[in-house]
Amino acid sequence: MEKLSFYYSAMKGGKTTRIFQKIHDLEEIGQSVLLIKPMIDTKGADFIINRKGEKRKVDILLKSDEKLLVTERLDDLFSCNHIIVDEVQFLNAQQIEDIWRINKRMNIPVSCYGLRNNFRGELFEGSAKLMALADEIVELETNSMCACGCGERAKFNARKVDGVFTREGNEVEIDGANKKIEYAPLCGSCYYHKVYVKKRK
């Protein structure tokens, strides 16, 4: 049976660049790829874009309340050799279950890329469900270093509002959509001291 795989890292870990490389490798050997992205990720609209400026139009832009496994999509699903999902953490549990069912019933390999934790240090709904169902869970080896300059590898995704770390607010605020909000990858120690402890005082 083909695998359902979840590849994750902290922010700025090069996940989208790896997607471009995987698509290139698959298409080079004649494989067709179906690319999926959640609509809530407004960055790039209906394209995926990496920091190098590479762009690719997605095949399915999935709304937050939309089912993936529906009759009108069966032809697209059956005709592809590989499914790739970007920003998978933004999908809900039912959408992840649809992906799992597609993988198991149609025997199509599915590679999902995204974040594991939100800015509060909690699992995203989509990531939690995927970690329960995936055949393979891989923390990507990346150069995503802690933004505090300590030299450690980043494991957490922290939010700043007006330059101040916070654990308050809506779970999803897309980077760049609100000029007051920005994100920073942090190591575990820096996240604890600069975000977690500060909140508890």
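You'll find the structure just up there.
Residues numbered from 1 in each chain as written. Predicted model: local features only at pLDDT ≥ 70, side-chain atom pairs only at ≥ 80, totals over all residues. Heavy atoms only, no water.

1. Some thoughts on the sheet that holds strand β2 (residues 33–38)
The criterion, for reference: Any two strands with at least two DSSP-identified bridges between them are counted as paired. Under the DSSP-based scheme used, a helix requires at least four consecutive residues in state H or I and a strand at least two consecutive residues in state E, with every element numbered from the N terminus. Axis lines are fitted to C-alpha atoms, over the contacting stretch for helices. Their N-to-C directions set the angle, which ranges from 0 to 180 degrees. Here a residue-residue contact requires only that any non-hydrogen atoms of the pair lie within 4.5 Å.
A sheet is described by the order of its strands in space; here six strands give the open sequence β5-β2-β6-β7-β1-β8, paired in parallel fashion. Bordering the open sheet on either side are β5 (60–62) and β8 (136–139), each of which pairs with just one other strand. Direction aside, neighbouring strands of the sheet carry axes that sit 20° apart on average. Strand contacts of helix α3 (residues 93–106): β1 (4–8), β5, β6 (82–85) and β7 (110–114), with the helix running at about 135° to β1, the strand carrying the most contacts.

2. What about the environment of Ser144?
We count it as follows: Remark: exposure states derive from per-residue accessible area (1.4 Å probe, protein chains only) relative to the maximum for the residue type, with buried under 20%, exposed over 50%, and partly exposed in between.
Here Ser144 is to be found in the loop between β8 and β9 (156–161). Judged by its relative accessible area of 2%, Ser144 is buried. It is 9.6 Å that separates the C-alpha atoms of Ser144 and Cys187, two residues lying 43 residues apart in sequence. Ignoring anything within four residues of it in the chain, the contact list for Ser144 reads Ala10, Met11, Lys12, Gly13, Arg153, Ala154 and Pro185.

3. Regarding the environment of Asp46
Within the fold, Asp46 resides in the loop between β2 and β3 (47–49). Counting along the chain gives 10 residues from Asp46 to Ile36, while the straight-line C-alpha distance between them is 9.5 Å. Among residues more than four places away in sequence, those in contact with Asp46 are Arg56, Lys57, Val58 and Leu61.

4. Describing the nonpolar core
This is how it is decided: The definition of a nonpolar core used throughout is a set of buried Ala, Val, Leu, Ile, Met, Phe, Trp, Tyr and Cys residues joined through side-chain atoms within 4.5 Å.
Counting residues in each nonpolar core, the largest one holds 24 residues, and the members touching the most others are Ile83, Val85, Val88, Ile99, Cys112 and Leu130. When residues of this core are traced back to their parent elements, those giving at least two are β1, β2, β5, β6, α3, β7 and α4 (125–133). Sorting elements by how many residues they give to this core places α3 first, with four residues. Non-local contacts of Cys112, meaning those with residues more than four positions away in its chain, are made with Leu4, Ser5, Phe6, Tyr7, Val85, Val88, Ile99 and Leu130.

5. What to know about the sheet that holds β9
Here we have three strands laid out as an open sheet, ordered β10-β9-β11, and antiparallel in their pairing. Two strands bound the open sheet, and with one partner strand each, they are β10 (164–166) and β11 (181–186). On average, each strand axis in the sheet is tilted by 45° relative to the strand beside it, whichever way the strands run. Pairing between β9 and β10: three bridges, direction antiparallel. Among the inter-strand pairings, Lys160 is bridged to a residue of β10, identified as Phe165.

6. Focus on the pairing of β7
Most of β7 is tucked away: five of the five residues are buried. Where burial is concerned, the two faces of β7 agree: the one with Val110, Cys112 and Gly114 and the one with Ser111 and Tyr113 are both buried. Of the pairings in the sheet, the one linking β1 to β7 comprises five bridges and is parallel in character. When the sheet's bridge partners are listed, Phe6 is paired in β7 with Cys112. Pairing analysis gives three bridges linking β6 to β7, with the strands arranged parallel. Following the sheet pairing, Ile84 is matched in β7 by Ser111.

7. Re the side chain of Asn157
What counts, and what does not: Polar contact is the term for a pair of N or O atoms within 3.5 Å; when the atoms are in protein, one must be able to donate a hydrogen and the other to accept it, and sequence-neighboring residues count only if both atoms are side-chain atoms.
Within the fold, Asn157 resides in strand β9. Among the polar contacts listed, one links the side chain of Asn157 to the backbone nitrogen of Met11, at a separation of 2.7 Å. Dropping the residues within four chain positions of it, Asn157 is found in contact with Ala10, Met11, Leu115, Asn117, Asn118, Phe119, Ala184 and Tyr191.

8. Some remarks on the packing of aromatic side chains
Here is the rule: Any Phe, Tyr or Trp ring, taking Trp's six-membered ring, that has another such ring centre within 6.5 Å forms a pair; planes under 30 degrees apart are called stacked, those over 60 apart edge-to-face, and the others tilted. Throughout this description, the term charge over a ring refers to an Arg CZ or Lys NZ atom that lies within 6 Å of the ring centre and within 35 degrees of the ring normal.
This model, assessed by the stated rule, comprises five aromatic pairs. Plain terms: the ring middles of Phe156 and Tyr191 are 4.6 Å apart, the flat faces sit at 15° to each other, and that makes the pair stacked. With a gap of 35 residues between them, Phe156 in strand β9 and Tyr191 in helix α5 (residues 188–200) connect regions that are remote in the sequence. Note on Tyr191: relative accessible area 5%, which makes it buried. Positioned over the ring face of Phe47 is Lys55, at 4.6 Å from the centre of the ring. The ring of Phe119 carries Arg159 above its face, with NZ or CZ at 3.7 Å from the centroid.

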